[in-house]
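Overview (structure and organization)
Residue-level listing of the chains:
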Amino acid sequence: MSSSEEDDLLLAASSFILMKALIKKTSKTKRKRRWWMTSLYRNRGLYSGTMLLNDLQKEDGDHFKQCCRMSYETFNQLLTLVEPKIRKEDTKFRKAIPSNERLALTLRYLASGDSFASLSLVFKISKSSISHIIPEVCTAIIEVLQDYIQIPKTQEEWLSVGKKYEDLWNFPHCIGAIDGKHVQLQAPIGSGSNFFNYKSTFSIVLMAVVDADYNFLYADVGCQGRILDGGVFRSTSFFKQLEEQKLEIPPAEKLIGREKAVPYVFVADEAFPLKENILRPYPGSHENGSAKRIFNYRLSRARRVVENVFGILSAVFRVFRKPMLLEPKKAELVVMACVYLHNFLRKEKASRDIYSPTD
C-alpha cells in the first residue's frame with residue numbers, strides 16, 4: 001500500500017471517529033428531559049389534603065382547631081378572602097392543588113413549624129411545591145388582612161387606646177407598649193455575622209407596638225438580629241413619624257389631682273431611648289416603697305402587655321419556637337402573616353375564645 005493510500009485511510013478513519021462523536025453528543029443534548037414523580041404524590045386522589053380536612057371537621061371540630069388554629073367556619077371565612085389570590089387553574093398535564101389545601105398547608109406550617117418533608121407526607125404535596133405555596137399564601141394573607149392592623153389616625157382614637165390602658169392596667173396617659181422579638185433563623189447563606197445576635201443565634205427582629213387588649217397597632221420585621229432593639233426601633237417608619245410629629249398624638253394634659261401637664265407616652269424597657277412620648281424605667285435598683293421603685297413596677301405592669309402578645313403568638317403559631325429553615329425574605333412573610341392572623345383571630349367574635357381563651 002502506497003503512502004498516499006495510507007494517508008487517505010487514516011483521514012477516513014479520523015473522519016468516521018469524529019462524526020460518531022458528534023452524533024453521540026447531539027443525541028445527548030436532544031434527549032427529552034423526563035420528570036419522575038413518586039407514587040406518594042401521583043396518587044393524591046386516594047387520600048388528599050381535602051379529605052384530611054373533611055375528616056378533621058367531621059370528628060368533633062377540636063381536631064380541626066388544633067390543626068389550623070381556628071374553627072372550620074373561620075377557616076372558610078379566611079379562605080373566601082384569600083382564594084382569588086391563591087387559586088390556580090388546571091392544565092392539560094396535571095390538576096392544580098386546591099385553594100383549601102394550600103391554605104390549610106400554610107396554616108399547619110405556622111401552627112407547628114414542621115419541616116417541609118413532614119408536611120409533604122401529611123398533605124401529599126412535594127417539598128418543592130410547598131416551598132412555593134407557603135410564601136405565596138402568606139403574602140395573600142398579609143394583603144387581605146391589611147385593615148386588621150392600623151395605627152390610630154386621630155387624637156380620639158389614641159385617647160380610646162389610652163383609656164383602656166388606664167382601666168385595665170392602671171397606667172394613665174399610656175397609648176401603647178413597645179418591644180422587639182428575635183425570630184430565630186437557620187444561618188443565612190453568605191450572611192457572615194449580620195444576623196448573629198447577643199443570644200448567640202441567628203435571627204431577624206419583630207418590632208411591635210401593641211394596645212391594652214393584646215392587639216398589634218404596628219409591626220415591622222426584617223431587621224438583622226445583630227442590631228439591638230433601640231437601633232431597630234430607630235429604623236422603623238413608626239419612629240420617623242413620631243419624631244416628625246405625624247402620629248396625631250393628643251397634647252399633654254393634667255392628671256387627676258395634679259397641676260402639671262403630662263404627655264401621652266409609649267412604655268418601653270431600658271433598650272429604648274427616653275423621649276417626650278417614650279417612657280422607660282428608672283435605671284438601677286431602688287429601695288422598697290420608694291417612688292422610683294413603685295413607678296418602675298407600674299410601668300413594667302403596663303409594658304408586659306407586649307410581652308404577653310409575643311407569648312400568645314408563640315404559643316399558637318409554634319413556627320416561632322424553632323429556627324425557621326427559610327431565607328430571611330421568606331421568613332419575614334411568615335412572621336407578618338402570623339401577626340395579621342393574630343389580630344384577625346383576636347378581633348373576630350367567632351374565633352376570639354378559641355385563639356386565646358380567657359382561662
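To be clear, the structure that these remarks concern was listed above.
Below is a summary of the structure that appears in this document. It should be emphasised that the depicted structure is a prediction, and the values quoted were computed from it without experimental measurement.

Rules behind the numbers
Residues numbered from 1 in each chain as written. Predicted model: local features only at pLDDT ≥ 70, side-chain atom pairs only at ≥ 80, totals over all residues. Heavy atoms only, no water. Helix = DSSP H or I, 4+ residues; strand = E, 2+ residues; numbered from the N terminus. Buried < 20%, exposed > 50% of the residue type's maximum accessible area, 1.4 Å probe, protein only. Contact = heavy atoms within 4.5 Å. Areas by Shrake-Rupley, 256 points an atom, 1.4 Å probe, with all protein chains shown as cover. Polar contact = N/O pair within 3.5 Å; in protein donor to acceptor, adjacent residues only side chain to side chain. Core = buried A, V, L, I, M, F, W, Y, C linked by side-chain atoms within 4.5 Å. Bend = angle between axes of the 7 residues up to and from the residue. Pairing = 2+ DSSP bridges. Axes fitted to C-alpha atoms, helices over the stretch in contact; angles between N-to-C directions. Phe/Tyr/Trp six-rings, centres within 6.5 Å; stacked < 30°, edge-to-face > 60°. Parallel < 35°, antiparallel > 145°, perpendicular 65-115°, else oblique. Nonpolar A, V, L, I, M, F, W, Y, C, P; charged D, E, K, R; others polar. Salt bridge = Lys/Arg side-chain N within 4 Å of Asp/Glu carboxyl O.

What follows deals with the overall build of the chain. Summing up its helical and strand segments, the chain has 14 helices and seven strands in all. Classification of the 359 residues of the chain by burial places 44% in the buried group. Partitioning the contacts of the chain with sequence separation of at least 6, the portion at a separation of at least 24 is 63%. A total of about 20700 Å² of accessible surface is found on the chain, and carbon and sulfur atoms cover 53% of it.

Moving on, we get to the side chain of D211. Mapped onto the fold, D211 is located in the loop between strand 2 (202–210) and strand 3 (216–224). Within the structure, the side chain of D211 is placed 3.0 Å from the backbone nitrogen of D213, a separation counted as a polar contact. With residues near it in sequence (within four places) discarded, D211 still touches V161, Y165, L217 and V305.

Formed by 100 residues in total, the largest nonpolar core has its most connected members in F75, L103, Y165, F216, F317 and L341. No other element matches helix 13 (residues 328–347), which puts eleven residues into this core.

Here we come to helix 5 (residues 72–86). Residue pairs spaced three or four apart in an α-helix point in one direction, given the helix's 3.6 residues per turn. At T80, helix 5 shows its strongest bend, of approximately 40°, with the proline P84 following within four residues. Residues of helix 5 that are buried: T74, F75, L78, L79, V82 and I86.

This brings us to the sheet that holds strand 3. Pairing in this open sheet of five strands is mixed, and the strands run 3-2-1-6-7 from one edge to the other. At either margin of the open sheet sits one strand with a lone partner, and together these are strand 3 and strand 7 (278–279). The pairing of strand 2 with strand 3 spans seven bridges and is classified as antiparallel. Bridge pairing links V209 to Y218 in strand 3. Across the sheet, helix 9 (residues 155–169) is in contact with strand 1 (174–185), strand 2, strand 3 and strand 6 (265–267); its angle to strand 1 comes to roughly 85°. Relative to the sheet, helix 12 (residues 291–316) contacts strand 1, strand 2, strand 3, strand 6 and strand 7, its axis offset from that of strand 1 by approximately 45°.

A separate point is the packing of aromatic side chains. Summed over all chains, the structure comprises 15 aromatic pairs. For the ring pair Y148 and F344, a centre distance of 5.3 Å and an interplane angle of 80° mean the geometry is edge-to-face. Note that Y148 is positioned in the loop between helix 8 (127–144) and helix 9 and F344 in helix 13, a separation of 196 residues in sequence. Per residue, the accessibility class of Y148 equals that of F344, and both read buried. A centroid spacing of 5.3 Å and a plane angle of 70° characterise the contact between Y282 and F295, whose relative ring orientation is edge-to-face.

Looking now at the pairing of strand 2. Counting buried positions along strand 2 yields eight of nine residues, so the element is predominantly enclosed. With nine bridges joining them, strand 1 and strand 2 adopt antiparallel strand pairing. Each residue of the ladder has a partner; that of I178, found in strand 2, is V209. Connecting strand 2 to the next strand, strand 3, in antiparallel fashion are five residues, including Y214 with a positive phi near 65°.

We now examine the environment of V221. Topologically, V221 is positioned in strand 3. The class for V221 is buried, based on a relative accessible area of 13%. In the structure, V221 is positioned 14 residues away from M207 in sequence and 6.2 Å away in space, judged by C-alpha atoms. Those residues in contact with V221, other than ones at most four positions away along the chain, are I204, V205, L206, E332, V335 and M336.

Here helix 6 (residues 99–112) crosses helix 13 at 95°, and the two axes come no closer than 11 Å. Taken together, the axes of helix 6 and helix 13 lie roughly perpendicular to each other. Mapping the contact onto sequence places L107, Y109 and L110 in helix 6 and V334, C338 and L341 in helix 13. Class assignment for the residues of the contact of helix 6 with helix 13 results in six nonpolar, no polar and no charged.

Another point: the pattern of salt bridges. Tallied over the entire structure, the rule returns twelve salt bridges. Between E136 and K88 there is a salt bridge, with the nearest N and O atoms lying 3.4 Å from each other. A residue pair is termed long-range when its members are at least 10 positions apart, and E136 in helix 8 and K88 in the loop between helix 5 and helix 6 qualify at 48 residues. When its relative accessible area of 25% is taken as the criterion, E136 is described as partly exposed. For K88, a relative accessible area of 39% corresponds to the partly exposed category. When the shortest N-O distance is used, the salt bridge between E307 and R303 registers 3.3 Å. Taken together, the residues E307 and R303, both in helix 12 and four residues apart, mark about one turn of the helix.

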